[in-house]
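# A structural walkthrough
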Amino acid sequence: MTRQTALLERPGTTVPPPPLDWLTLGDAFEAACLRRCTPPPTAARPSAVLAAYAPVEFDREDAAQRMQQLLARLDIPVTHEVAIGGLRRRYELHRLWVPQEHQDAYTRMLHAGWWQGRRELLSGPHPGASPARRRSASRLAAAAWRSALLAAGRHVRRHILGVRFTDRELAAVLIRSAAVLDVPARLRPGTGCFLVSVAAGPDRARILSSAAMEPARGAAPEPAWGQAVPQARRPAC
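Described in the following lines is the structure provided in the data block. (Residues numbered from 1 in each chain as written. Predicted model: local features only at pLDDT ≥ 70, side-chain atom pairs only at ≥ 80, totals over all residues. Heavy atoms only, no water.)

## As for the packing of helix 6 (residues 131–151) against helix 7 (residues 168–180)
Contact geometry for helix 6 and helix 7: axes closest at 9 Å, N-to-C directions at 130°. Comparing the axis directions of helix 6 and helix 7 gives the class oblique. Crossing hand, helix 6 versus helix 7: left-handed. Only V173, L174, S177, A178 and V180 of helix 7 make contact with helix 6, whose side of the interface consists of A137, S138, A141, A144, W145 and A148. Here the residues of the contact of helix 6 with helix 7 are counted per class, giving nine nonpolar, two polar and no charged. (Axes fitted to C-alpha atoms, helices over the stretch in contact; angles between N-to-C directions. Helix = DSSP H or I, 4+ residues; strand = E, 2+ residues; numbered from the N terminus. Parallel < 35°, antiparallel > 145°, perpendicular 65-115°, else oblique. Left-handed = near helix turned anticlockwise from the far one by under 90°. Contact = heavy atoms within 4.5 Å. Nonpolar A, V, L, I, M, F, W, Y, C, P; charged D, E, K, R; others polar.)

As structure tokens, this is what we get:
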């Protein structure tokens, strides 16, 4: 419990961006979570300039399609490229590029979505909060788990459903999101990564049901959540 509580502690030193409306917030927050689930691009060097304009890479096509769908809703154009990697075991790498002239808008939108969505979830229920705000918290919690199940390293065992990634703040958000969805979650720090898991049975079923892909506004239908999806070929940590 001490470790989980520590994850939620963060000094408020940054200036908050302007607030987003609820619909825009949901899309921007989910896109930010998808981005935070992924490791740094393989072609990027540790440079601040390259980091700002580096693409986001996914090992699964459905994660890349979801990111592309969300950015389209946010009026941010993106290019989807597919590369083949591996020697004995071949795999596809889905790389999304945002044109340089849209990078500032892309960065601002994801920053605002992450900052506001994280605050809404981690600050807990607000006394006298409107029904719209309470529904928004549930949608944000579902979006966080949906992005993790799509883009993070899945850790599935007979007794748990887990996701593994390296982002400390995302771990805190997932723990809180599970609580918002009335599901207890566990955090287990590993070597260079975090494992967040829920128990098999009703808890697992509730997370999967809450994180089911909703129909896109004005876009092609998404693959059904219950369909078999291959595991990510590149470990998250």
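## Examining helix 7
With 13 residues, helix 7 extends 19 Å from end C-alpha to end C-alpha; this agrees with the ideal 18 Å at 1.5 Å per step. The complete set of buried residues in helix 7 reads E169, L170, A171, A172, V173, L174, I175, S177 and A178. In this structure D167 caps helix 7, since a side-chain oxygen of it lies 3.0 Å from the backbone nitrogen of E169. D182 lies just past helix 7 and shows a positive phi near 65°. (Expected span 1.5 Å × (residues − 1). Buried < 20%, exposed > 50% of the residue type's maximum accessible area, 1.4 Å probe, protein only. Polar contact = N/O pair within 3.5 Å; in protein donor to acceptor, adjacent residues only side chain to side chain.)

## Observations regarding the packing of helix 2 (residues 22–37) against helix 6
Two elements in contact, helix 2 and helix 6, have axes separated by 9 Å at closest approach and are oriented at 25°. In terms of axis orientation, helix 2 runs roughly parallel to helix 6. Note that helix 2 runs across helix 6; the crossing there is right-handed. Residue-level contacts link W22, L25, G26, F29, E30, C33, L34 and C37 of helix 2 to A132, R133, S136, R139, L140, A143, A144, R146, S147, A148, L150 and A151 of helix 6. Grouping the amino acids of the contact of helix 2 with helix 6 by side-chain chemistry returns 13 nonpolar, three polar and four charged.

## A look at the pattern of salt bridges
Under the counting rule described, the total for this entry stands at ten salt bridges. Residues D62 and R60 are paired through a salt bridge, measuring 2.9 Å at the closest nitrogen-oxygen approach. Both residues of the pair, D62 and R60, belong to the buried class. Residues E120 and R133 are paired through a salt bridge, measuring 2.8 Å at the closest nitrogen-oxygen approach. Here E120 is found in helix 5 (residues 103–122), whereas its partner R133 is found in helix 6, with 13 residues between them in sequence. (Salt bridge = Lys/Arg side-chain N within 4 Å of Asp/Glu carboxyl O.)

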